[in-house]
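If you want the building blocks of each chain, they are given just below.
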Amino acid sequence: MSVWLSRFCLFGRPARALNGVRYSYTGPYLRLSTSRVLCSTWSIVRGFSSVPPQTINYEELKDLLKGKSVFIIDVREPWEVKEYGIIQGSINIPLGDLAPALKMDPKGFEEKYQKKMPNKASTLIFSCLAGIRSKKAVDVAGSLGFDRIHHYAGGFEDWKRNEMPEKKQ
């Protein structure tokens, strides 16, 4: 990826030629002859998703939950959910299983998780214990083409301070 970045994102470098094409840095854009190409490190790392993830707090989470097609995905391990509880209405998909789960067919997803499968237009909110794994989950979902993704930074710890968690059997 660093070779690709060096060819297309010449941050802080003067104009130069690569493979016979002259590139010049012009702010957040590259100038290739007369055309402009959007080039930001964030869009490259996130798989060219046009909308960056939004870090949300408890109040913003509560507001988002009022909307339709909103999914809270808890990326903690099942034993953590069983022992400590879960945010009401969320789906537990461990971080290691997230990519395969989001690639499943809708029927298989519903059988495994007992919830409707999110589509690319759905709003996804990722949560974990304290916000570390959910940041990684945002990258996974972004690389799969989801662009309405949010990261609940406070995670389950913050939720527990504000509301009673739901216990899973």
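Residues numbered from 1 in each chain as written. Predicted model: local features only at pLDDT ≥ 70, side-chain atom pairs only at ≥ 80, totals over all residues. Heavy atoms only, no water.

1. Structural notes on the environment of N92
- Topologically, N92 is positioned in strand β7 (residues 91-92).
- Among residues more than four places away in sequence, those in contact with N92 are D74, R76, E77, P78, V81, I86 and Y113.
- There is a polar contact of 3.1 Å between the side chain of N92 and the backbone oxygen of D74.
- From its side chain, N92 meets the backbone oxygen of R76 in a polar contact 2.8 Å long. (Helix = DSSP H or I, 4+ residues; strand = E, 2+ residues; numbered from the N terminus. Contact = heavy atoms within 4.5 Å. Polar contact = N/O pair within 3.5 Å; in protein donor to acceptor, adjacent residues only side chain to side chain.)

2. Brief notes about unusual backbone geometry
- For S69, which is not glycine, the phi torsion reads 60° and is therefore positive.
- Tracing the backbone through its elements, the reader meets S69 in the loop between α3 (58-64) and β6 (70-74).
- One non-glycine residue, Q114, lies in the positive phi region at around 55°.
- Relative to the assigned elements, Q114 resides in the loop between α6 (106-113) and β8 (123-127).

3. Some remarks on the packing of aromatic side chains
- For the coordinates displayed, the defined rule picks out 2 aromatic pairs.
- Ring geometry for F109 against Y113: centres 4.8 Å apart, planes inclined by 45°, an arrangement best described as tilted. With F109 and Y113 both in helix α6 and 4 residues apart, this pair spans about one turn of that helix.
- Above the face of the F156 ring, R76 is positioned so that its terminal group lies 4.3 Å from the ring centre.
- Residue placement shows K120 over the ring face of F146; its charged tip is 4.5 Å from the ring centre. (Phe/Tyr/Trp six-rings, centres within 6.5 Å; stacked < 30°, edge-to-face > 60°. Lys NZ or Arg CZ within 6 Å of the ring centre and 35° of its normal.)

4. Brief notes about the packing of helix α5 (residues 95-103) against helix α7 (residues 132-143)
- Running from amino to carboxyl end, α5 crosses α7 at an angle of 20°, the nearest separation of the two axes being 10 Å. With respect to their mutual orientation, α5 and α7 come out roughly parallel. When the axes of α5 and α7 are compared, the crossing they make is right-handed. Of the residues in α7, those touching α5 at L95, L98, A99 and L102 are R133, K136, A137, V140 and A141. (Axes fitted to C-alpha atoms, helices over the stretch in contact; angles between N-to-C directions. Parallel < 35°, antiparallel > 145°, perpendicular 65-115°, else oblique. Left-handed = near helix turned anticlockwise from the far one by under 90°.)

5. A short note on the environment of Y152
- Here Y152 lies in strand β9 (residues 149-152).
- Distance from Y152 to I56, taken between C-alpha atoms, is 5.1 Å for residues 96 residues apart in sequence.
- Residues contacting Y152, with those up to four places away along its chain left out, are I56, N57, Y58, L61, I87, I125, F126, S127, G131, S134, D158 and W159.
- Within the structure, Y152 has its side chain in polar contact with the backbone nitrogen of W159 (distance 3.3 Å).

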